[in-house]
Amino acid sequence: MTYARPAQDARPGPHAISVVAHRGASEDAPEHTLAAYRKAIEDGADALECDVRLTADGHLVCVHDRRVNRTSNGRGAVSALELADLATLDFGSWKAGAHDREAPDLQYDDPERTSVLTLERLLELVADAERRVELAIETKHPTRWAGQVEERLVELLGRFGHTQPALGDGQAPPVRVMSFSARSLHRVRAAAPHIPGVFLMQFLTPRHRDGRLPPGVGIAGPGIRILRSHPEYVAKAHAAGHRVHVWTVNEPDDVELCRDLGVDAIITNRPKQVRAQLGLG
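The text that follows walks through the structure, step by step, so that each part is easy to find. (Residues numbered from 1 in each chain as written. Predicted model: local features only at pLDDT ≥ 70, side-chain atom pairs only at ≥ 80, totals over all residues. Heavy atoms only, no water.)

## Digging into the packing of aromatic side chains
Moving on, step 1. Summed over the entire model, instances satisfying the criterion amount to 1 aromatic pair.
Moving on, step 2. Centre to centre, the rings of Phe180 and Trp247 are 5.7 Å apart; their planes meet at 85 degrees, and the pair counts as edge-to-face. With Phe180 in the loop between strand 5 (175-179) and helix 7 (182-191) and Trp247 in the loop between strand 8 (243-246) and helix 10 (252-261), this residue pair connects regions lying 67 residues apart in the sequence.
Moving on, step 3. Judged by its relative accessible area of 38%, Phe180 falls in the partly exposed class. (Phe/Tyr/Trp six-rings, centres within 6.5 Å; stacked < 30°, edge-to-face > 60°. Helix = DSSP H or I, 4+ residues; strand = E, 2+ residues; numbered from the N terminus. Buried < 20%, exposed > 50% of the residue type's maximum accessible area, 1.4 Å probe, protein only.)

Here it is, written out as structure tokens:
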């Protein structure tokens, strides 16, 4: 059986590498906070990356870990907590403690730096930006909510008009969904076929070594370790008609490797520095 890919998944012609802010400008501000994403936009990031999890009462929030222990002053699984529970937690002061050992208990009054961020609020931020800012949303699996995550995600993206076909301006859709789970990407594709999918890879399995991706997926998402060990993968993925978005690229040598290999997007905690290294500003 063959699968035709929609036009927006076709690899574009020569262009500058897109710089994607990983969890926002997360080297400078607490990850997944509104402050981190505002900083990323100010720094010129072409796109923002976020992870989403579903709360017990059905809200999509931007949290990477299954539990809130690492990035907040609370404890427990996101899926077992309601949004109101998460709203009482401090998601930002840990970042200050990591860099200022003299003031580990420093608290910020700015809620944009400490409050849990919903995907809806992040979509509003992107919509209000004075320039085009893309959004790369990663669904986290496994989760007790399984397909409800994708169902809620597509519903929310639809409210912002992101499930409609591109307007024919030659640009890719402003939102894409990423996952290590091919099943998750299939769910999104089935419900919203115009949203591009990114198949994330931590290891390069024999099945995908020649550049192939799961059916209907047009963007490969290898970790930087894959490119260090298998630099030929980028050319193979491109030859198969796919784009290549690489995570998480912070070191200058890795940025140079990505540029030399011709990747399409670099996902980084340091969007300002990477853009400067690439001569993008």
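There's plenty left to go through after this.
## Description of the pairing of strand 5
Moving on, step 1. Of all 5 residues that make up strand 5, 5 are buried, and the element is covered over most of its length.
Moving on, step 2. Because side chains alternate across strand 5, one face comprises the buried residues Val175, Val177 and Ser179, and the other comprises Arg176 and Met178, equally buried.
Moving on, step 3. Two elements, strand 4 (residues 134-139) and strand 5, share 4 bridges in a ladder whose sense is parallel. Looking at strand 5, one finds that Ala136 is bridged to Arg176.
Moving on, step 4. Pairing of strand 5 with strand 6 (residues 197-201), which is carried by 3 bridges, proceeds in the parallel orientation. Paired with Ser179 across the strands is Phe199, a residue of strand 6.
Moving on, step 5. For the handedness criterion, the β-α-β arrangement of strand 5, helix 7 and strand 6 is classed as right-handed. (Pairing = 2+ DSSP bridges. Right-handed = clockwise from strand over helix to strand, strands pointing away.)

## Some details on the environment of Asp28
Moving on, step 1. Structurally, Asp28 can be placed in the loop between strand 1 (18-22) and helix 1 (34-42).
Moving on, step 2. Along the sequence, Asp28 and Lys39 sit 11 residues apart, while their C-alpha atoms lie 8.1 Å from each other.
Moving on, step 3. With sequence-adjacent residues up to four places away left out, Asp28 is seen in contact with Lys39, Asp43, Lys95 and Arg113. (Contact = heavy atoms within 4.5 Å.)

## Concerning the pattern of salt bridges
Moving on, step 1. For the structure on display, the rule yields 20 salt bridges.
Moving on, step 2. With its nearest N and O atoms 3.7 Å apart, the salt bridge here joins Arg121 to Glu124. On the criterion of helical spacing, the pair formed by Arg121 and Glu124 is a turn pair, its members being 3 residues apart in helix 5 (residues 119-128).
Moving on, step 3. A network of salt bridges, in which partner residues are shared, links Arg23, Glu31, Asp51, Asp65, Arg70, Glu138 and Lys140. (Salt bridge = Lys/Arg side-chain N within 4 Å of Asp/Glu carboxyl O.)

## Some words on a positive patch on the surface
Moving on, step 1. A cluster of basic side chains, namely Arg66, Arg67, Arg75 and Arg144, defines a positive patch on the protein surface.
Moving on, step 2. Structurally, the position occupied by Arg67 is in the loop between strand 3 (60-61) and helix 2 (83-87). (Patch = residues over 30% accessible without salt bridge, like charges linked within 9 Å, V, L, I, M, F, W, Y side chains within 5 Å. Areas by Shrake-Rupley, 256 points an atom, 1.4 Å probe, with all protein chains shown as cover. Lys, Arg positive; Asp, Glu negative; His and termini not counted. Charge placed at Lys NZ, Arg CZ, Asp CG, Glu CD.)

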